[in-house]
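Structural characterization, general
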Amino acid sequence: MSDIVGTSPTPIGDALISSPAEGTGSAVGSLQSDGGILAGDAAVAAPYDPESGFHRAEFGTQALVGTVQYHERHVFLCYKNPQVWPSHLESSESDRLPRLLSAALKSRKGAMKKSTRLTICEGEDGTDASNGDVLIFPDMIRYRRLTHFDVETFVEEALVKDTEWLPGSPTSITGAYVFVCAHGSRDKRCGTCGPALIKKFKEEIGVRGLQDQITVSGCSHIGGHKYAGNVIIFSLVNGEVAGHWYGYVAPDDVAVLLDQHIGKGEVVDHLWRGQLGLSEEDQKNALELKRQLANLTEQNSSGCCQGSNGNVTCCQGSNGNATCCQNGPQKETNSDINRAITEDGKDKTTPDEKNSSSARRSRSRKVCHLPTWFETWEKEDTYAVLAVAAAGAAICVAYSMYKHHHSK
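Residues numbered from 1 in each chain as written. Predicted model: local features only at pLDDT ≥ 70, side-chain atom pairs only at ≥ 80, totals over all residues. Heavy atoms only, no water.

Comments concerning the pairing of strand β9 (residues 231–237)
On any regular strand, side chains alternate: one points to one face of the sheet, the next to the other face. Of all 7 residues in β9, 6 are buried; the element is thus mostly enclosed. In this structure, strand β7 (residues 176–181) lies alongside β9, joined through 4 bridges in antiparallel fashion. Bridge pairing in β9 links Tyr-177 to Phe-234. Bridge count for β9 against strand β10 (residues 240–246) is 7 bridges, and the pairing is antiparallel. The partner of Ile-233 across the bridge, within β10, is His-244. Between the end of β9 and the start of β10, which pair antiparallel, lie 2 residues, with Asn-238 showing a positive phi angle near 55°. (Buried < 20%, exposed > 50% of the residue type's maximum accessible area, 1.4 Å probe, protein only. Helix = DSSP H or I, 4+ residues; strand = E, 2+ residues; numbered from the N terminus. Pairing = 2+ DSSP bridges.)

Now the structure itself:
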């Protein structure tokens, strides 16, 4: 299950808050289903199916970028495990807590300042993700043991008013969080790829000794079954928490995501679906801009090429296609280029906004700004880049004519 509050709602069942007579008010009462199955109960995962796994015919065949719906905040409810989740948790009569939380979010969507997505993740009592716990990103906040009696108050205080819901004992969370869609009852591809990726993530994390720094959890439907394996990573990049979505992730990609994305803060372009805080169009523009800047930097580093007849020829790009030469140093480094997708435009922040930001950071709850890098790239910047490229080409041509004239 993954709902975005602020978009057209998905029909759900009865959303009335249960009366005290219907339960004890404890987390166990909220989590008890008709069958009495809790996350701690054993559940046997389905065997790996190659036809719906990483070697299926459709795997890797469609474009990924721009496939994440716009949202500014992501809420995860820890609840049972993927093996017992029904296809639509938000409308399951036997699963009161996710059903009532989804309904409350939708009923208060107009009052929220941030569009909010709800997803279910694994919950296991006695761990850092106990049943009923709520994780909020990019705020990096955990609330403990939400019950179905507390849902409306929690939504009002924590998500509408953006204050702390004190009964939930709010605490800050640190490190990186990896969520892998393993919602097999919703789609077989997620049920096949998800568990295999979770196992691989845990193995690679163990090899690197990062168990205390990276948390991995299975999660419910996040949209885009056809892109399975689907992975969401929340981690600290350039001082800000960013949420990035990846698709068509295979076990061989896990080490790259750990080392490059989490370790270095660099987006893995060929698997990237999009980012929290960016619209679908901005996601596409972000990746295209990054590629253009990287191409210009590569051209500059190779310099102008000279043919055997004395004429200036075009330089060869890494993809085998001829590209125009360009003179003059470029200020964009690899770090700068990668930051285009992850860093907000701090230079455009007004003094009042900076003071407001400082005041917010002084609270006990850390609220991180969403990346708004795209707003800092104006048309004039594009024209400037093109002008530099054109000027470089003109210099090359002029030099060629000059040398040819003096050789006669």
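What follows picks up the thread again.
Focus: helix α3 (residues 151–160)
Turning to α3, its buried residues number three or more, namely Val-151, Phe-154, Val-155, Ala-158, Leu-159 and Val-160. Looking straight down α3, one finds its buried side chains confined to an arc of 155°; they lie on one side. Buried residues in α3 make contact with β2 (73–78), α2 (96–107), β4 (134–137) and β5 (141–143). Asp-162 lies just past α3 and shows a positive phi near 55°. (Arc of directions from axis to C-beta. Contact = heavy atoms within 4.5 Å.)

Overview of the packing of aromatic side chains
All told, the structure shown has 14 aromatic pairs when counted by the stated rule. Measuring from ring centre to ring centre gives 5.7 Å for Tyr-227 and Tyr-248, while their planes differ by 85°; the resulting arrangement is edge-to-face. Pair noted here: Tyr-227 is in the loop between β8 (214–219) and β9 and Tyr-248 is in the loop between β10 and α5 (254–264), with a separation of 21 residues, a long-range link. Tyr-248 sits in the buried class, given a relative accessible area of 5%. (Phe/Tyr/Trp six-rings, centres within 6.5 Å; stacked < 30°, edge-to-face > 60°.)

Re the pattern of salt bridges
Inspection of every chain in the model, using the stated rule, returns 15 salt bridges. In this structure, the salt-bridge partner of Arg-56 is Glu-58, at a minimum N-O distance of 3.0 Å. On the basis of relative accessibility, which here comes to 6%, the residue Arg-56 falls in the buried class. By relative accessible area, Glu-58 is classed as partly exposed at 28%. (Salt bridge = Lys/Arg side-chain N within 4 Å of Asp/Glu carboxyl O.)

Comments concerning the environment of Pro-138
Mapped onto the fold, Pro-138 is located in the loop between β4 and β5. Considering only alpha carbons, one finds Pro-138 and Phe-234, 96 residues apart in sequence, at a separation of 7.6 Å.

Considerations on the packing of α2 against α3
Interhelical geometry of α2 versus α3 gives an angle of 45° and a closest axis separation of 9 Å. Considering the angle they form, α2 stands oblique to α3. Along this stretch, α2 crosses α3, giving a crossing that reads as right-handed. Taking contact as the criterion, the partners of Leu-97, Leu-100, Leu-101, Ala-104 and Leu-105 in α2 are, on α3, Val-151, Phe-154, Val-155 and Leu-159. Residue composition of the contact of α2 with α3, grouped by class: 9 nonpolar, no polar and no charged. (Axes fitted to C-alpha atoms, helices over the stretch in contact; angles between N-to-C directions. Parallel < 35°, antiparallel > 145°, perpendicular 65-115°, else oblique. Left-handed = near helix turned anticlockwise from the far one by under 90°. Nonpolar A, V, L, I, M, F, W, Y, C, P; charged D, E, K, R; others polar.)

Looking at the packing of helix α4 (residues 188–208) against α5
Where α4 contacts α5, the axes come no closer than 9 Å and their chain directions differ by 50°. Between α4 and α5, the crossing angle belongs to the class labelled oblique. Relative to α5, α4 is oriented so that their crossing is right-handed. Along the contact surface, α4 presents Leu-197, Lys-200, Phe-201, Glu-204, Ile-205 and Arg-208, while α5 presents Val-254, Ala-255, Leu-257, Leu-258 and Asp-259. Here the residues of the contact of α4 with α5 sort into 7 nonpolar, no polar and 4 charged.

Focus on the side chain of Asp-95
Residue placement: Asp-95 occurs in the loop between β2 and α2. Since its relative accessible area comes to 3%, Asp-95 is described here as buried. Here the side chain of Asp-95 touches Ser-92 through a polar contact of 2.8 Å, side chain to side chain. (Polar contact = N/O pair within 3.5 Å; in protein donor to acceptor, adjacent residues only side chain to side chain.)

Some points on the nonpolar core
Phe-137, Val-178, Phe-179, Phe-201, Val-231 and Tyr-246 are the most contacted members of the largest nonpolar core, which has 47 residues in total. Apart from the residues within four sequence positions on either side, Phe-179 is in contact with Phe-76, Cys-121, Leu-135, Phe-137, Ser-217, Cys-219, Asn-230, Val-231, Ile-232 and Phe-234. (Core = buried A, V, L, I, M, F, W, Y, C linked by side-chain atoms within 4.5 Å.)

What about the confidence of the model for the protein?
Mean pLDDT over the protein stands at 76; residues scoring 70 or higher make up 62%. Overall, residues 304–337 carries pLDDT values under 50, and its contacts beyond four positions in sequence, including any with other chains, amount to 67 contacts. Note on residues 353–379: pLDDT is under 50 here. Beyond four places in sequence and across chains, it has 65 contacts. (pLDDT = per-residue confidence, 0-100.)

Observations concerning unusual backbone geometry
Across the junction of Phe-137 and Pro-138, the peptide omega takes the value 5°, indicating a cis bond. For the peptide bond that leads from Ala-228 to Gly-229, omega is 0°, which places it in the cis range. Mapped onto the elements, Gly-229 comes out in the loop between β8 and β9. In this structure, Lys-80 is a non-glycine residue whose phi angle is positive, near 55°. When you line up the elements, Lys-80 lands in the loop between β2 and α2. In this structure Lys-80 comes out as buried when scored by relative accessible area, which is 3%.

What to know about α2
The periodicity of an α-helix, 3.6 residues per turn, causes residues three or four places apart in sequence to face the same way. End to end, α2 covers 16 Å across 12 residues, agreeing with the expected 16 Å (1.5 Å per residue, within 8%). The buried count for α2 comes to 11 of 12 residues, which makes it a mostly enclosed element. Listing the buried residues of α2 in full gives Arg-96, Leu-97, Pro-98, Arg-99, Leu-100, Leu-101, Ser-102, Ala-103, Ala-104, Leu-105 and Lys-106. (Expected span 1.5 Å × (residues − 1).)

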